[in-house]
Amino acid sequence: MKNLDYCARIEKDMVILSEGNVSKCCIDFEGLTSFGNVDKGSLSDIWNGAQRMGFIEKLKLHKRKKLYPCNICVI
């Protein structure tokens with residue numbers, strides 16, 4: 001996937017870390033990025049929220065190599 005401009009995993013996977021943060025990707029297992037926290041908002045609001053939707057739009061514009069954690073992806 002390192003050579004792909006877009007990652008479809010963002011559209012089907014949700015990574016919830018032990019403290020409740022919804023990480024952008026499983027590769028960010030340290031939780032450096034987050035779309036929100038399940039203790040502070042519903043899963044539906046986080047999944048459909050502006051942060052996640054904006055991130056997906058950037059990916060669709062082929063900016064994957066400029067976005068963390070996508071730019072360090074080894075999957």
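Small disclaimer: the values here were computed from a predicted structure and weren't measured.

Draft legend 1. Local environment of the nonpolar core. Counting nine residues, the largest nonpolar core consists of Ile10, Val22, Phe35, Ile46, Phe55, Ile56, Leu59, Leu67 and Cys70. Looking at which element gives the most residues to this core, the answer is helix 2 (residues 50–60), with three residues. Once you skip the residues sitting within four places of it in the chain, Ile46 turns out to touch Val22, Phe35, Gly36, Asn37, Val38, Gly41 and Arg52.

Draft legend 2. Main features of the packing of aromatic side chains. The tally for this structure, following the rule as stated, stands at one aromatic pair. Positioned over the ring face of Trp47 is Arg52, at 3.5 Å from the centre of the ring.

Draft legend 3. Structural context of a nonpolar patch on the surface. A cluster of nonpolar residues, Met14, Ile16 and Leu43, forms a patch on the protein surface that exposes about 230 Å² of accessible area. Counting through the fold element by element, Ile16 comes out in strand 1 (residues 15–16). Accessibility expressed as a relative area gives 41% for Ile16, which makes it partly exposed.

The rules behind these values
Residues numbered from 1 in each chain as written. Predicted model: local features only at pLDDT ≥ 70, side-chain atom pairs only at ≥ 80, totals over all residues. Heavy atoms only, no water. Core = buried A, V, L, I, M, F, W, Y, C linked by side-chain atoms within 4.5 Å. Buried < 20%, exposed > 50% of the residue type's maximum accessible area, 1.4 Å probe, protein only. Helix = DSSP H or I, 4+ residues; strand = E, 2+ residues; numbered from the N terminus. Contact = heavy atoms within 4.5 Å. Phe/Tyr/Trp six-rings, centres within 6.5 Å; stacked < 30°, edge-to-face > 60°. Lys NZ or Arg CZ within 6 Å of the ring centre and 35° of its normal. Patch = residues over 30% accessible without salt bridge, like charges linked within 9 Å, V, L, I, M, F, W, Y side chains within 5 Å. Areas by Shrake-Rupley, 256 points an atom, 1.4 Å probe, with all protein chains shown as cover. Salt bridge = Lys/Arg side-chain N within 4 Å of Asp/Glu carboxyl O.

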